[in-house]
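One-letter residues, chain by chain:
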Amino acid sequence: MKTIPDLILYGTTACHLCEAASMELAPLQGNGLHARERDITESDILMERYQLRIPVLRREDTGAELDWPFDLRTAMLFLSDVLGEEN
């Protein structure tokens, strides 16, 4: 069985692109993947790192990040190692 990575979706509460990103990722919940949303305004470090890039999807297992714009297909490619079908 493949390990499901922790996912974080960095954004802000007033970001319409972040809402769109969250909706793009919603179908992945059926595969057990859920992106925990993190508001970057709660941390100076996160603001410095992400303020011009949000929304950003981050895999905690590898540290890989997927910047906006992305759609469901792109997110699935980003997570293909854990979404792959068993043969």
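Reading guide: rules and limits
- Residues numbered from 1 in each chain as written.
- Predicted model: local features only at pLDDT ≥ 70, side-chain atom pairs only at ≥ 80, totals over all residues.
- Heavy atoms only, no water.
- Helix = DSSP H or I, 4+ residues; strand = E, 2+ residues; numbered from the N terminus.
- Rg over C-alpha atoms; globule rule 2.2 N^0.38 Å.
- Buried < 20%, exposed > 50% of the residue type's maximum accessible area, 1.4 Å probe, protein only.
- Contact = heavy atoms within 4.5 Å.
- Areas by Shrake-Rupley, 256 points an atom, 1.4 Å probe, with all protein chains shown as cover.
- Arc of directions from axis to C-beta.

Undergrad: Any chance you could break down the overall build of the chain for me, citing the residues and the numbers?
TA: Of regular secondary structure, the chain possesses four helices and four strands. For the chain, the succession of helices and strands along the chain, N to C, is β-α-β-α-β-β-α-α. Relative to a compact globule of 87 residues, whose C-alpha radius of gyration would be 12 Å, the chain shows 13 Å and is just as compact. With respect to the three principal axes, the spread of C-alpha positions in the chain is 45 × 20 × 15 Å. Across the 87 residues of the chain, 36% fall into the buried class. Restricting the contact set of the chain to residue pairs at least 6 apart, pairs at least 24 apart contribute 62%. Taken as a whole, the chain presents about 5700 Å² of accessible surface, with 50% of it coming from carbon and sulfur.

Undergrad: Now, about the environment of Lys 2: what can you tell me, with residues and values included?
TA: The topology assignment puts Lys 2 in the segment before strand 1 (7–11). Separated by 82 residues in sequence, Lys 2 and Gly 84 have C-alpha atoms that sit 9.0 Å apart.

Undergrad: Could you give an account of helix 1 (residues 16–25), with specific residues and numbers?
TA: Along helix 1, the residues classified as buried are Cys 18, Ala 21 and Leu 25. Down the axis of helix 1, the sector holding all buried residues measures 55°, keeping them to one side. Of the exposed residues in helix 1, those oriented more than 90 degrees away from the buried face are His 16 and Met 23. Each element contacted by the buried residues of helix 1 is listed here: strand 1, strand 2 (35–39), strand 3 (56–59) and helix 3 (72–78).

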